[in-house]
Amino acid sequence: MGLATLKPETVSRTGRPRLLIVDDEPDVLSLLRDALVPRIDCTVSTAATLAEARQRLADESVDLLLTDLKLPDGDGLSLVPELREKHPAAGAMVITGNPSVQGAVEALRAGAVDFVTKPFSIDQIADRVLCAIRRQALTARNDRRLSRLKEAVRRLNRSRKLVSRKVDLLCNDLISAYGDVARQVEDLRNQESFRRLLESSRDLEQMLCHAMDWILRGAGYCNLAVWLAADDSEYQLGAYMKYTIAGEPALTESLKRNLVPMTAREGLVHLEGYDVRKYLSPAEFKYLQGQTVLSINCTYLGESLAVLVLFRDEKSPFTEEVMAMLRAIAPVFATALAGMVRKHDAEDEYGDGGGLAFDDDPGSPPDDPKQRDARKKKEIHDADWWKRGDPPPF
């Protein structure tokens, strides 16, 4: 009876199944070729020895190997591992004229898909070969699917890692943005707190007192000096708070000649360690050796109105938070100073009796005892401890 022709696509994506038949008997080789080619749409190569078969495996593509066990130069079963190595998707059938259970077991263990004994009929061998080809086609298809699945998994892992990195970057960006927003909110909070305190000042002396109180509460104990811009483009010492180093004229004069102008040029100066010796004058270094120094310029409409100088033992360095606080309040302090100057100019223009009343009750007599008591009570402020000579409340 006849066999249906096997369609090429059921075996290989590249064309018809390719068979390699290895047998040292020419008649068997001719018989197998004549039996298989008309019944199975395939291509057949033949070899009579192990050496010739190995050359075929090296040079040609093979889908199915049919080999006799006994060959002139060795055991045909040794071709099966080599087939697996060179053509992993190929199958192998072992043919023998001396069948035994042990031989069949060894062939299957070596990787053969079938064990055929001689003699065999044309239909029998064609049917067995066809089954082997179909089995290998299914195995090859499954291998390709598995390979595609593995590749998809690798791509998925690469994508997952890429997404993970992007998520990490996004999270880092969000954290950074949150930090920026938090710092901006903190700057606004500092500015508003500082502004409200300065607005409660009646005169320049009290403003300096309030400003120094607020700065010391935020920066911690330190020596603090405030230089105010004068008409001669120099700076005059407006206030000095001693923590560990007294504001002797030799110190303040040396700061006025070097550090204060340097700060006016640079905007912010932070010195610690070797920089204290490098950037300070010998007169300054005499007092500030072993100190950490932080100073900032306070400008209004591009004009420097004041310079704040803070210094303390280098064992207690100024933090980034303290520097951010000074950056936030410096323009507020300069604006308040400009407002105080305008207020004084207005008072000078109108005089005490020029119609501008600053009392709580303009209709009361200037010497009203109730008005004086109310004004004195209003003038009492926590930030005036320095002016009153009280110890620091913090």
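Here the structure is shown first, and the text comes after it.
Rules of the game
Residues numbered from 1 in each chain as written. Predicted model: local features only at pLDDT ≥ 70, side-chain atom pairs only at ≥ 80, totals over all residues. Heavy atoms only, no water. Helix = DSSP H or I, 4+ residues; strand = E, 2+ residues; numbered from the N terminus. Polar contact = N/O pair within 3.5 Å; in protein donor to acceptor, adjacent residues only side chain to side chain. Contact = heavy atoms within 4.5 Å. Axes fitted to C-alpha atoms, helices over the stretch in contact; angles between N-to-C directions. Parallel < 35°, antiparallel > 145°, perpendicular 65-115°, else oblique. Nonpolar A, V, L, I, M, F, W, Y, C, P; charged D, E, K, R; others polar. Buried < 20%, exposed > 50% of the residue type's maximum accessible area, 1.4 Å probe, protein only. Pairing = 2+ DSSP bridges. Phe/Tyr/Trp six-rings, centres within 6.5 Å; stacked < 30°, edge-to-face > 60°.

(A) Local environment of the side chain of Thr-263. Here Thr-263 is to be found in helix H8 (residues 259-266). In terms of polar contacts, Thr-263 uses its side chain to reach the backbone carbonyl oxygen of Leu-259, at 2.8 Å. Excluding residues within four positions of it along the chain, Thr-263 makes contact with Leu-268, Val-269, Ser-295, Ile-296, Asn-297 and Val-307.

(B) Spatial organisation of the packing of helix H7 (residues 249-257) against H8. At their nearest, the axes of H7 and H8 sit 3 Å apart, and the two run at 30 degrees to each other. Viewed along their axes, H7 and H8 adopt a mutual orientation that is roughly parallel. Each of Ser-254, Leu-255, Lys-256 and Arg-257 in H7 lies in contact with H8, whose residues at this interface are Leu-259, Val-260 and Pro-261. Its residues assigned to classes, the contact of H7 with H8 shows four nonpolar, one polar and two charged.

(C) Spotlight on the pairing of strand E11 (residues 291-300). With respect to burial, E11 is a largely interior element, eight of its 10 residues being buried. In terms of strand pairing, strand E10 (residues 268-271) meets E11 through four bridges, oriented antiparallel. Following the sheet pairing, Leu-268 is matched in E11 by Ile-296. As paired strands, E11 and strand E12 (residues 303-313) are joined by 10 bridges and run antiparallel to one another. Each bridged residue has a counterpart across the sheet, and for Gln-291 the counterpart in E12 is Asp-313. Linking E11 to E12, which pair antiparallel, is a turn of two residues; within it Leu-301 sits at a positive phi near 55 degrees.

(D) Representation of the packing of aromatic side chains in the model. All chains considered together, the criterion is met by four aromatic pairs. Note on Tyr-221 and Tyr-243: the rings are 5.5 Å apart at their centroids and 15 degrees apart in plane angle, and the pair reads as stacked. Residue Tyr-221 is located in the loop between helix H6 (204-219) and strand E8 (223-229), and its partner Tyr-243 is located in the loop between strand E9 (235-241) and H7; the two are separated by 22 residues in the primary sequence.

(E) Region of the structure containing the sheet that holds E11. Spatially, E9-E8-E12-E11-E10 is the arrangement adopted by the five strands of the open sheet, whose pairing is antiparallel. Each edge of the sheet is formed by a strand with only one pairing partner; in this case those strands are E9 and E10. Mean inter-strand twist for the sheet, computed between neighbouring axes without regard to direction, equals 15 degrees.

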